[in-house]
Structures are given as structure tokens and as C-alpha cells.
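Per-entry structural report
The primary structure of each chain is shown beneath.
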Amino acid sequence: GRVREMKDSPHLESLGIEVEGEVKYSRQGIADHAKNLANRVKGNLENSLVGLGCDVVEGRGILTGNPHEVKDSLTGKVYTAKVMISYLSCCTKSQACEI
């Protein structure tokens, strides 16, 4: 891919990629960078929603079958709201994705 086209060694190193004659990369370094980026986006989104007066609840939700309701799978607490926004967290193939 585009990794071969990049020549900016300091930038590549920040992504977990090092160039020594041929292009090599660290899967863990790239994974760490992606996770950091996803966490930053998540944090910014949460801060924006809280700034707008929204309540942010983190956890695994289960649809109850009733409009505007979600149940927390751990506590059993049912949350109701006029508008609900849910998102899937980033996960690896070995993890279950959460809402």
C-alpha cells in the first residue's frame, strides 16, 4: 500500500513504522496508534455531547422492545429518553462488540 510511498521517518516512527532499506512495520505500534486515535475521537464526542447537556452512559445496552428504552446488561437499569444515540466500540476479532 501507501506505506512504501512514505519517506517521512519521524512520522512513520510515530505510527510504529520504521524504514531500514525496506519498509517494515510494527503491527502493535499501528494498533496502539489506532486505539489512541479512536479513544481521542470517543472522548471528544463525549465531551461535545455533555457540553450540549446530554447524559452519556457507557456500557452494554439491550433493546427492550419498547420505543425509547435501553436496558443496561450489567445493572438491569432501564434508560428512557426522547432521543438515544448508540455506537459500537472498536473491538478486535477476539472481543465481543459493545453498544
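Structural data are supplied above this passage.
Residues numbered from 1 in each chain as written. Predicted model: local features only at pLDDT ≥ 70, side-chain atom pairs only at ≥ 80, totals over all residues. Heavy atoms only, no water.

1. A short note on the sheet that holds strand S4 (residues 69-72)
As summarised here, the arrangement of the 3 strands in space is S3-S4-S5, forming an open sheet in which the pairing is antiparallel. Each edge of the open sheet carries a strand with a single partner, namely strand S3 (61-63) and strand S5 (78-80). Strand-to-strand twist of the sheet, defined as the mean angle between neighbouring strand axes without regard to direction, takes the value 35°. As paired elements, S4 and S5 share 3 bridges and run antiparallel to each other. Residue pairing for S5: valine 70 is matched across the bridge by tyrosine 79. (Pairing = 2+ DSSP bridges. Helix = DSSP H or I, 4+ residues; strand = E, 2+ residues; numbered from the N terminus. Axes fitted to C-alpha atoms, helices over the stretch in contact; angles between N-to-C directions.)

2. A look at the environment of glycine 29
Here glycine 29 is to be found in helix H2 (residues 27-51). Residue glycine 29 is classed as buried on the basis of its relative accessible area of 19%. Separated by 16 residues in sequence, glycine 29 and glutamate 13 have C-alpha atoms that sit 8.7 Å apart. Not counting chain neighbours up to four residues away, the residues in contact with glycine 29 comprise Leu15 and Gly16. (Buried < 20%, exposed > 50% of the residue type's maximum accessible area, 1.4 Å probe, protein only. Contact = heavy atoms within 4.5 Å.)

3. As for the pattern of salt bridges
If you walk through the whole model with that rule in mind, you get 2 salt bridges. Members of the salt-bridge network, linked through shared partners, are Lys42, Glu46 and Glu58. (Salt bridge = Lys/Arg side-chain N within 4 Å of Asp/Glu carboxyl O.)

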